[in-house]
Structure formats: C-alpha cells, structure tokens
Amino acid sequence: MLRFIALLALLSGTLHAAPPNVVVILVDDLGYECIGANGGASYQTPNLDRMAREGVRFEQCYAQPNCTPTRVQMMTGMSNVRNYVRFGLLEKSQTTFGHLFHEAGYATCITGKWQLGQNDGGPKHFGFDEHCLWAYLDHGKRYANASLAVNDKLQAMEGQYGPDVCQAFAFDFIRRNRSKPFFLYYPMILTHGPYEATPDSKDYGQAAVKQKKGGQQHFADMVAYMDKLVGALTQELTTLGLRENTLILFTGDNGTGRGTTSALADGSEQAGEKGSTTRGGMHVPLIVSWPGTMKPGSVCPDLVDMTDFLPTICDATGISPPKTLPLDGRSFLPQVRGEKGSPRDWIYSYWVPLRDSQMANVGARGAVEQAFDHHYKLYSTGKFFELDHDVEEKSPLQVADLKGEAAAAAVKLQAALDHFKDARPAELDEYAKQRKEKKKKGKDKAE
C-alpha cells in the first residue's frame, strides 16, 4: 500500500516523494481565545504563534461542547448523530483514522488522554500500535505523580509529570519509526482541570492553591507548558530531519473550562464556556503546518468541524477511506495549500448534554441539534440567533418574522438539520431512551 501511495505521489507531483508523516495534536479544554495568534492576551504561546505565522491559521474551527463527542467525531469523520452512544465510550464497531493508517502500513501511536472505554483493549482495537494514556486503565492522577497506561500496563509514575511522560513516549515512537511513515495522534492531557502547577511553576510540588486566583494562574502556567511541549515536538522533528515531510494539525476538543476568563488584545474578555453550545463552548484553535506544501502565513475564514480531520489527513497521504463509511467531513487540505477548496456552507452538531443545566436546547431526539454558518444559528427546537449581534444567544428571533439574508439563512440551516433527520440508527435511539428512563427512575426513587 505504501509503495502505491509513494508512486502516486511521484506521478502527481502534489505530494512529497515519500508518504508524509502525520501528527494530530488535540489539546484538552483550550478555546480559540487562548492562543496569542488568535488575539489572545492572557497566555504565553510563542511556539504556536510562530507555527501560525509560518503555517496556516483557521479562524472558524468548531468542536463539540465537551470531550468524548469531539473525539468520536474526529476519529471517525462522522457526526455524533450517526455513532455517538454515551460519554466516555467509542463503540467498538466504529472505524477510526487509526484503523485507516495502520492498514495503510503506517506505524501508529496515541499518547495523552483516552476516555473512550476503560480496560477493554480499545487503543489496539482502534488501530494504534502503541499507547501511553491517561483515563484508560484507570482515572488516577494525570499531572504530578501520574498514573498512566503504557501499552496495556498501568504504571504509577511517582515523581513524574504526566504530560512529560506522554511527550517522551511520543519522542521515542518518532525516533524508532523515523525511517518509515508514522501517524501520531496526540490528545494532550493539558490543559484540563484541575488547574495545577507545572514543572515550570514557582510553586510546583507545593500544596495545591485552592483560591480562584491561584487556579487562574495555574491555568496560564498549563497553557504555557502545553505550548512549550508543542514547540519541543516540532523541534524534535526538525532535528531528526522529518519536519519537511510531516503534516501537523493542532486544535482543541472544546471551549475553555468554566471559571476561567481570558483577555483579548482588543480589550474584551472571553469567559470559559465548556459544555455550552454557544460559540465560546465550541470555537477552538486550528493551526496547520506542513513546510513546503502549505502557503505560509495564511489565515483561512472557512468553516471547519471535527469531522473534517479524517478526510483531510487521508487526502494528504493518499489513503482512501472505505466507501461504505458515511463520512460527514470534507478535506480542508486545499485551503492549507492556498487553494479555494470546497468550503462548508454550514456546520451541523448533534450533542447529548451531560447535565440538566445544559438541557435548554434539547430537542425531540434527546440531543441538542443545531446548524450554523458564520452569521446565523438554528436549533431543531426552532430557536434562531443572529450571531454577529448576539454571540451569547440571549435573544432568539422568530423564524416566521425573518426577512432578507436572515430568512434565507434560516431556510439553508433548516435544510442542514433535515439532512440528518434519518441519520440516527434506531438502536442508538433505543439506547438513549432506556438510559433516560433509567435516570428518571433513579430520580423518582430518590424523591
């Protein structure tokens, strides 16, 4: 398979002579506003800022409002409406980008955070040759004195910082596979709470600071440390002579955690809105770097969501996903190359909230369904928002009263919602129904 890909690359002249390496970095709880290149003013992100200057920065990338739904989307290239079952699980029947790269002959590795099934052989099952993971064999400590699963063996790492261990594992994987194509999926443990001191913090190793002010400072330290790790990774690829032939995609899994307020260069502030279907809960950074292939310093305003990552990295490597997979994503590789590509007209999201406080926009199917473009958003409940003047979605508009551009947008977004009306497998709806009834019985019993 790899020989075939290399031959296609040589004949087409559009790819490198050797199949490219791919690194996908997914940061935990890092909203768009946290990166300096995106206008953030609260945190130190020099390495990512440089990557943005030298690479391609996307302004309108959106994840799901929390962890597992985003990971399921990214790994399968499908909307949650097709395959999401519950938080903390990726159904074993699903095909992931790990499968596709493994079957194409790539060395594959995942290091960082899992939270997609516990102690069930998941990483290997989903196509990863090697893994170093938190939230797989247990949910112990993730930062200082971490407890991590290394190739199905739980290891208590006293005196070690979890993100450093995962980074070292990534380096070792890259070094051992430098002579062959590799795929590294790096869902980082940082910057999710609890906000704790990093090895670069003045108070590292001391008792945790519980005050809100201390927590905010530790979040800033964690963002800076995450940026430092990303910079070290890109430098390692350069040192090994692999940088020119490695595609790196950097993004986040949802908005910044609640209780965190970030300043922007324009003088405004952005509160962390993780767990919300507003822009602050879903808007995430996306920076792409591939020296020699991209158009450096580009800023792309096109809409991107998590289903687009699988088709993009497959497009870059010449890997063809099975036609039987109902993929919802589209490749944004042309935009990385400075071409127009085929931008999205809208993003559709099917999201199952975790808490009652997040249930405001839940529709008939037990989920929050929404479709939106750059300027407007429509929920399946009929709520419609003009995002340019109501980004926090405080004042819904009546669809029947809309005129002009807004009315046309409502028609388009309704068509997007309708596109997925039959996409939910019946057995998954039945599962959700049973889960809802079980939850209700629990409440009745408690009362």
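Residues numbered from 1 in each chain as written. Predicted model: local features only at pLDDT ≥ 70, side-chain atom pairs only at ≥ 80, totals over all residues. Heavy atoms only, no water.

Describing the environment of Ala-426
Line of reasoning, step 1. Structurally, Ala-426 can be placed in helix 13 (residues 426–446).
Line of reasoning, step 2. The spacing of Ala-426 and Gly-363 is 63 residues in sequence and 17 Å in space, taken between C-alpha atoms. (Helix = DSSP H or I, 4+ residues; strand = E, 2+ residues; numbered from the N terminus.)

Quick word on the pairing of strand 6 (residues 153–156)
Two faces make up the sheet, and in a regular strand the side chains alternate between them.
Line of reasoning, step 1. Examined bridge by bridge, strand 5 (residues 147–150) and strand 6 share four bridges and lie antiparallel to one another. Paired with Val-150 across the strands is Lys-153, a residue of strand 6.
Line of reasoning, step 2. From the end of strand 5 to the start of strand 6, which pair antiparallel, there are two residues, and Asn-151 there has a positive phi angle of about 50 degrees. (Pairing = 2+ DSSP bridges.)

Notes on the pattern of salt bridges
A side chain with one charge can pair with a side chain of the opposite charge if their charged atoms come near.
Line of reasoning, step 1. For the structure on display, the rule yields 14 salt bridges.
Line of reasoning, step 2. The partner of Arg-176 in a salt bridge is Glu-130, with the nearest N and O atoms 2.5 Å apart. One end of the pair, Arg-176, is in helix 7 (residues 162–176); the other, Glu-130, is in strand 4 (residues 130–134), with 46 residues separating them in the sequence.
Line of reasoning, step 3. Here Glu-130 falls in the buried class, since its relative accessible area comes to 14%.
Line of reasoning, step 4. Between Lys-412 and Asp-373 there is a salt bridge, with its nearest N and O atoms 2.8 Å apart. Here Asp-373 lies in the loop between strand 14 (368–372) and strand 15 (376–379) and Lys-412 lies in helix 12 (residues 404–419), a separation of 39 residues in the sequence. (Salt bridge = Lys/Arg side-chain N within 4 Å of Asp/Glu carboxyl O. Buried < 20%, exposed > 50% of the residue type's maximum accessible area, 1.4 Å probe, protein only.)

Some thoughts on the environment of Pro-311
Line of reasoning, step 1. Relative to the assigned elements, Pro-311 resides in helix 10 (residues 309–317).
Line of reasoning, step 2. Pro-311 sits in the buried class, given a relative accessible area of 13%.
Line of reasoning, step 3. Sequence spacing of Pro-311 and Gly-252 is 59 residues, and the spatial spacing of their C-alpha atoms is 18 Å.
Line of reasoning, step 4. Aside from chain neighbours lying at most four places away, what touches Pro-311 is Gly-329, Arg-330 and Ser-331. (Contact = heavy atoms within 4.5 Å.)

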